[in-house]
Amino acid sequence: SFEGRVEVYHDGKWGTICDDQWDDRDAEVVCRQLGLSGTPKALSWAHYGQGSGPILLDEVQCSGNELSLDQCKKSDWGQQNCDHIEDAGVSCDPFTGTDVQLFQSDVVGLTPLYSACSAEGTVRLAGGRSPSEGRVEVYYNGDWGTVCDDGWTDLAAQVVCRQLGFR
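Going by what an unreviewed UniProt entry lists, the protein is known as NETR protein and is assigned to Rhodinocichla rosea. Under Subcellular location (unreviewed entry), UniProt gives the following word-for-word description of the protein: "Membrane".

### Let's talk about the overall build of the protein
The helix and strand tally for the protein stands at two helices and 11 strands. Its helices and strands taken in sequence order, the protein reads β-β-β-α-β-β-β-β-β-β-β-β-α from the N to the C terminus. Evaluated residue by residue, the protein yields a buried proportion of 35% over its 167 residues. Considering only residue pairs separated by 6 or more positions, the protein has 59% of its internal contacts joining residues 24 or more positions apart.

### Overview of the state of the cysteines
Enumeration over the complete set of coordinates arrives at three disulfides. Between the sulfur atoms of cysteine 18 and its disulfide partner cysteine 82 the distance amounts to 1.9 Å. Taking the sign of the S-S torsion, about -80° here, the bridge from cysteine 18 to cysteine 82 comes out left-handed. Linking cysteine 18 in the loop between strand E3 (13–17) and helix H1 (24–33) with cysteine 82 in the loop between strand E5 (55–57) and strand E6 (89–93), this pair joins segments that are 64 residues apart in sequence. With a sulfur-sulfur separation of 2.0 Å, cysteine 62 is cross-linked through a disulfide to cysteine 72. On the sign convention where negative means left-handed, the S-S torsion of about 100° between cysteine 62 and cysteine 72 marks this disulfide as right-handed. Of this pair, cysteine 62 sits in the loop between E5 and E6 while cysteine 72 is found in the loop between E5 and E6, placing the two residues 10 residues apart along the sequence.

### Quick notes on the sheet that holds E3
One open sheet accounts for three strands, arranged E2-E3-E5; its pairing is mixed. The sheet terminates laterally at strand E2 (7–10) and E5, the two strands that pair on one side only. In this sheet, adjacent strand axes meet at a mean angle of 55° when their direction is disregarded. Bridge analysis of E3 against E5 gives two bridges, and the strand direction is parallel. Counterpart to isoleucine 17 in the pairing with E5 is leucine 57.

### Re the nonpolar core
Ranked by internal contacts, the top residues of the largest apolar core, which has 18 residues, are Ile17, Trp22, Val60, Leu69 and Val90. If one sorts the elements of this core by residue count, H1 sits on top with four residues. Excluding residues that lie within four positions of it along the chain, valine 60 makes contacts with Ile17, Asp20, Gln21, Trp22, Asp26, Leu69, Cys72, Lys73 and Lys74.

### A few points about the sheet that holds strand E9 (residues 123–126)
Hydrogen bonds between backbone groups are what pair the strands of a sheet, and the pairing can be parallel or antiparallel. Taken in spatial order, the three strands make up an open sheet running E9-E10-E11, and their pairing is antiparallel. Of all the strands in the sheet, just E9 and strand E11 (143–146) have a single pairing partner and so form its edges. Averaged over all adjacent pairs, the angle separating strand axes in this sheet is 40°, with direction ignored. Sheet analysis places E9 next to strand E10 (residues 135–140), joined by four bridges and oriented antiparallel. Residue pairing across strands places leucine 125 opposite valine 136, the latter belonging to E10.

Here is what the cut-offs are and how they apply
- Residues numbered from 1 in each chain as written.
- Predicted model: local features only at pLDDT ≥ 70, side-chain atom pairs only at ≥ 80, totals over all residues.
- Heavy atoms only, no water.
- UniProt positions renumbered as here; feature names shortened; annotations may be inferred.
- Helix = DSSP H or I, 4+ residues; strand = E, 2+ residues; numbered from the N terminus.
- Buried < 20%, exposed > 50% of the residue type's maximum accessible area, 1.4 Å probe, protein only.
- Contact = heavy atoms within 4.5 Å.
- Disulfide = S-S within 2.5 Å.
- Pairing = 2+ DSSP bridges.
- Axes fitted to C-alpha atoms, helices over the stretch in contact; angles between N-to-C directions.
- Core = buried A, V, L, I, M, F, W, Y, C linked by side-chain atoms within 4.5 Å.

Given below as structure tokens:
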């Protein structure tokens, strides 16, 4: 499934996240951490039902670029002022994504034929031998452009892979 109440595992137990400060940037990180693409949407007020057990996180404030919730600004583990009616949820609906691409296979690799409704900062792979490899391109100001490799690291590659829905 691609939607539900968010629960985290810490110190040997599962618990929920309070929805204070919870927004779509936090949902984006959760979806990325789960390897899900689509349009991330944060849901509040126990939209997917109230959890039980501890509420482990509160005041989560991600920028949206992190690989996991661990990297986001947040309260200390277990420090919260919430009830389960405030359990946070996310939808990582793959059917509401902003990318639509059709590819034509040729000798060189997969060449994009058409891309519609792409959002600023959307990434894609082009020129690879399969959909999971290729040159990184970013959509900006109505055009696709390449990314310079100065300072390019494995961590940057991981971010792109997660953004594309790969683990």
